[in-house]
Amino acid sequence: TPFDGCPASEYYKPLWDEKPSMDDWEKLEIGRLLKDTQQRVLQYTSNTREDAWDALIDLDFGPDGRGETVKLIYRQAEVDANVYGTAATWNREHLWPKSHGVGQNGADFSDVHHLRPADWNVNSARNNLYFGRCFANDGNGGGECDEPA
């Protein structure tokens, strides 16, 4: 796959060598590492070369570990990785809604650091709402949030 050979332990090695606990990493240090190591900008969708779909299949694979399924954000479900882009399959969720300042093309639109595979319908229902507390279990924001958004 196009993203093999880039384990997190190697990618984040400069930070781990300096501060072994991720809790000690500072936002500016992580930002600097990302800026220094970005090799290329993926296209959001392409029929002829690697794109954000390919990256999500490689990065968010299900427990099969072979890229045959992807795990969906919000639903705790796994679906066929290679069938996507329709209301009956999965799509890509921008963790920061596009309407809140993400451009409609370019690096910020296809940045796989803030894209996740999502159930089409749950993603649509989330729309451009901010993240908030989960009231799924005890009504006070406590407990596990396993309910769909």
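For the structure itself, consult the block above.
Here the structure is a predicted model, which is why all the values come from computation and not from measurement.

Visitor: Mind showing me how you'd approach the overall build of the chain here?
Guide: Along its length, the chain carries 6 helices and 4 strands. Its helices and strands in sequence order give the chain the pattern α-α-α-α-β-β-β-α-β-α, from N to C terminus. Within the chain, contacts between residues separated by at least 24 positions form 47% of all contacts whose residues are at least 6 apart in sequence. Accessible area for the chain stands at about 9800 Å²; split by element, carbon and sulfur atoms hold 50% of it.

Visitor: Please clarify how the pattern of salt bridges should be interpreted in this entry.
Guide: Pairing between side chains of opposite charge can happen when the charged atoms of each approach one another. For the coordinates displayed, the defined rule picks out 2 salt bridges. Asp60 is the salt-bridge partner of Arg116, the closest N and O atoms lying 3.9 Å from each other. Pair noted here: Arg116 is in strand β4 (residues 115-119) and Asp60 is in the loop between α4 (52-59) and β1 (69-72), with a separation of 56 residues, a long-range link. With relative accessibility at 25%, the residue Arg116 sits in the partly exposed group. Asp119 is the partner of Arg75 in a salt bridge, and the nearest nitrogen-oxygen pair spans 2.8 Å. On the criterion of sequence distance, the pair formed by Arg75 in the loop between β1 and β2 (77-80) and Asp119 in strand β4 is long-range, its members being 44 residues apart. The class of Arg75 is partly exposed, set by a relative accessible area of 33%.

Visitor: Got a minute to help me understand the side chain of Asn91 in this structure?
Guide: Within the fold, Asn91 resides in strand β3 (residues 90-94). Side-chain polar atoms of Asn91 contact the side chain of Asn123, separated by 3.0 Å. Apart from the residues lying within four places of it in its own chain, the contact partners of Asn91 are Trp53, Arg116, Pro117, Ala118, Asp119, Trp120 and Asn123.

Visitor: Which parts of the structure should I look at to understand the pairing of β2?
Guide: For a regular strand, the rule is simple: side chains alternate between the two faces of the sheet. Bridging between β1 and β2 involves 4 bridges; their strand directions are antiparallel. What sits directly across from Thr69, in β2, is Asp80. The hairpin formed by β1 and β2 contains 4 residues between the paired strands, and Tyr74 there has a positive phi angle of roughly 75 degrees.

Visitor: Explain the environment of Ala55 here, please?
Guide: By secondary structure assignment, the location of Ala55 is in helix α4. Taking C-alpha positions, Ala55 is 9.6 Å from Leu115, a pair spaced 60 residues apart along the chain.

What counts as what
For every chain, the first residue of its written sequence is number 1, and the numbers climb from 1 along that sequence. This being a predicted model, a pLDDT of at least 70 is required before a residue's local features are given, and a value of 80 or more before pairs of side-chain atoms are given or counted; all residues contribute to the totals for chains, interfaces and linings. In computing side-chain values, all of the structure's heavy atoms are included and hydrogens and water are not. We count a stretch as a helix when DSSP gives it H or I for four or more residues in a row; a strand needs E for two or more, and each element gets its number in order from the N terminus. Throughout, a residue-residue contact means that at least one pair of heavy atoms, one from each residue, lies within 4.5 Å. Accessible surface area values rest on a Shrake-Rupley calculation with a 1.4 Å probe, where residue burial reflects the displayed protein chains alone. One side-chain nitrogen of Lys or Arg within 4 Å of one carboxyl oxygen of Asp or Glu is enough to make a salt bridge. Exposure is judged per residue with a 1.4 Å probe applied to protein chains only, and the accessible area is read against the type maximum: over 50% gives exposed, under 20% gives buried, and values in between give partly exposed. In the analysis that follows, any N or O atom pair within 3.5 Å is treated as a polar contact, provided that within protein one partner can donate a hydrogen and the other can accept it, and provided that, for residues neighboring in sequence, both atoms belong to side chains. Strands are labelled as partners when DSSP assigns at least two bridges between them.

Everything listed here is a matter of coordinates, which is why it stays silent on function.
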